[in-house]
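# Results of the structural survey
Residues per chain are reported as follows:
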Amino acid sequence: MAKSNVEITKYSGDVVPFSKERLIESLKRSDADEATINEVATKVEKELYHGISTKEIYNRAFAMLKAKKSYFASKYKLKKAIFELGPTGFPFEHFISAVLTQSGYNCKVGELLQGKCVQHEVDVVAVKNNHTILAECKFKSEVGGSCDVKIPLYIQARYQDIKARWDFKERHLEPAWIVTNARFTKDAHDYAACEGIYLLSWDFPYGNALRDRIDALSLYPITVSTLLTQREKQFLLSRNVVLCKDLINDKFYLDHLGISESRKQKILNEIKLLCHV
């Protein structure tokens, strides 16, 4: 069987033809050089078999990149790293707050706002130039998850209650935002478009999606690191060290973890490469 005709199994369970071109496009996000990308893609292609999962393809490509340079592997695992911010979703809210802060907003997480009928806790309140964004964060801890139309329906109801009491003379209120690390269903997109809700997901809107913003601002979560253990990452997240950039400024946390000086330097060097510091 020609490798171009091999069918692979996606996270959703759908079976689709393997595309070397799509694999190469995903590998480009690792910042690896062209020769490395082509070498990894060719090796992965040679190891394909009918029905292989996209997860297995990712794991093989990740291992090959890591063998070349840990920095390549860290950038490549960005999507998976976002899922590792769980399970509560609270670090994800801080992560979105950081993304908006780097875009010039003054942000607060978990702000209580009084609506016309009841009080609401808003995940992220972002203010810039007298304009306010109320962003709700919907974190999915499993790859393949999605946000259906019930999410924007619920968020819009809360937003309208807050808007009914909003003092527009003090600050302009932007349309509601919903942010997820997953994807929105077609019905969710249709309803949001009809009601004027701004959706931000892993790959939407095109060119300005969550992954594009992260790359543009070099705002990588600490979970991308291939040198930190899972226990060490959880320790840092529990102390609200969510971004790699945070760790550069708060590197004393690595001392609290008892990390040796030589290993600490390797971790910081990897992070500085990611953050272009």
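In what follows, the structure referred to is the one given above.
Our subject in this report is the structure included herewith. All of these numbers come straight from a predicted model, not from anything done at the bench.

## Details of the overall build of the protein
Scanning the protein from terminus to terminus reveals 13 helices and ten strands. The C-alpha radius of gyration computed for the protein amounts to 21 Å, which stays within 12% of the reference 19 Å derived for 277 residues, consistent with globular compactness. In terms of its C-alpha atoms, the protein occupies a principal-axis envelope of roughly 60 × 50 × 30 Å. Expressed as a percentage of the 277 residues in the protein, the buried residues total 45%. Counting contacts in the protein only where the partners sit at least 6 residues apart, residues at least 24 apart contribute 56% of the total. On the protein, roughly 14,000 Å² of surface is accessible, and the fraction owed to carbon and sulfur atoms is 50%. The distance from the centre of the 41 positive side-chain charges to the centre of the 35 negative ones in the protein is 3 Å.

## Quick notes on helix α2 (residues 34-46)
In this model, α2 (13 residues) spans 18 Å end to end at C-alpha, consistent with the 18 Å of a helix rising 1.5 Å per residue. Residues of α2 that are buried: Thr36, Ile37, Val40, Ala41, Val44 and Glu45. Mapping the buried residues of α2 onto a view down its axis gives an arc of 160°, with all of them on the same face. Pointing more than 90 degrees away from the buried face of α2 are the exposed residues Ala35 and Lys46. Tucked inside the fold, the buried residues of α2 contact α1 (20-27) and α3 (54-68).

## Observations regarding the pairing of strand β8 (residues 177-180)
Neither face of β8 is open: one carries Trp177 and Val179, the other Ile178 and Thr180, and all of them are buried. Sheet topology places strand β5 (residues 131-138) next to β8; four bridges connect them, and they run parallel. Counted as the bridge partner of Glu136 is Ile178 from β8.

## Things to note about helix α6 (residues 90-102)
Along its 13 residues, α6 runs 19 Å from first to last C-alpha, staying within 8% of the 18 Å computed at 1.5 Å per residue. Listed as buried for α6 are Pro91, Phe92, Glu93, Phe95, Ile96, Ser97, Ala98, Val99 and Leu100. Looking one or two residues past α6, Gly104 carries a phi angle of roughly 100°, positive in sign.

## Let's talk about the pattern of salt bridges
With the rule as written, the count across this model stands at 18 salt bridges. The closest approach of N and O atoms between Arg29 and Asp215, which form a salt bridge, is 2.7 Å. Highlighted residues: Arg29 in the loop between α1 and α2 and Asp215 in helix α9 (residues 210-217), separated in sequence by 186 residues. When its relative accessible area of 30% is taken as the criterion, Arg29 is described as partly exposed. Residue classification places Asp215 among the partly exposed residues on the basis of a relative accessible area of 24%. Here Lys186 and Asp190 are joined by a salt bridge, their closest N and O atoms 2.8 Å apart. Taken as a pair, Lys186 and Asp190 lie in helix α8 (residues 186-195) at a separation of four residues, close to a single helical turn.

## Observations regarding the environment of Ile52
Its location among the elements puts Ile52 in the loop between α2 and α3. On the basis of relative accessibility, which here comes to 1%, the residue Ile52 falls in the buried class. For the pair Ile52 and Phe18, spaced 34 residues apart in sequence, the C-alpha to C-alpha distance is 9.5 Å. Not counting residues within four places of it along the chain, the set of residues in contact with Ile52 comprises Glu7, Ile8, Thr9, Ile57 and Arg60.

## Brief notes about the packing of α6 against α9
Taken N-terminus to C-terminus, the directions of α6 and α9 make an angle of 60°; their axes are 11 Å apart at the nearest point. Classified by the interaxial angle, the pair formed by α6 and α9 is oblique. As for the relative orientation of α6 and α9, their crossing is left-handed in sense. Where α6 abuts α9, its residues Phe92, Phe95, Ile96, Val99, Leu100 and Gln102 lie against Leu210, Arg213, Ile214 and Leu217.

## With respect to the nonpolar core
Looking at soluble globular proteins, one finds that nonpolar side chains tend to be buried together. Leu27, Phe92, Phe95 and Leu236 are the most contacted members of the largest nonpolar core, which has 70 residues in total. Once residues within four sequence positions are removed from consideration, Phe92 is found in contact with Ile82, Leu85, Cys137, Lys138, Phe139, Val179, Thr180, Asn181 and Leu210.

## Remarks on the pairing of strand β4 (residues 119-128)
The pairing of strand β3 (residues 106-114) with β4 spans eight bridges and is classified as antiparallel. Residue Leu112 lies in a different strand from β4, and its bridge partner there is Glu121. Bridge count for β4 against β5 is five bridges, and the pairing is antiparallel. Across the sheet, residue Val124 finds its bridge partner in β5, namely Ala135. The hairpin turn running from β4 into β5, its antiparallel successor, is two residues long, and Asn129 in that turn takes a positive phi close to 50°.

Calculation criteria
Residues numbered from 1 in each chain as written. Predicted model: local features only at pLDDT ≥ 70, side-chain atom pairs only at ≥ 80, totals over all residues. Heavy atoms only, no water. Helix = DSSP H or I, 4+ residues; strand = E, 2+ residues; numbered from the N terminus. Rg over C-alpha atoms; globule rule 2.2 N^0.38 Å. Buried < 20%, exposed > 50% of the residue type's maximum accessible area, 1.4 Å probe, protein only. Contact = heavy atoms within 4.5 Å. Areas by Shrake-Rupley, 256 points an atom, 1.4 Å probe, with all protein chains shown as cover. Lys, Arg positive; Asp, Glu negative; His and termini not counted. Charge placed at Lys NZ, Arg CZ, Asp CG, Glu CD. Expected span 1.5 Å × (residues − 1). Arc of directions from axis to C-beta. Pairing = 2+ DSSP bridges. Salt bridge = Lys/Arg side-chain N within 4 Å of Asp/Glu carboxyl O. Axes fitted to C-alpha atoms, helices over the stretch in contact; angles between N-to-C directions. Parallel < 35°, antiparallel > 145°, perpendicular 65-115°, else oblique. Left-handed = near helix turned anticlockwise from the far one by under 90°. Core = buried A, V, L, I, M, F, W, Y, C linked by side-chain atoms within 4.5 Å.

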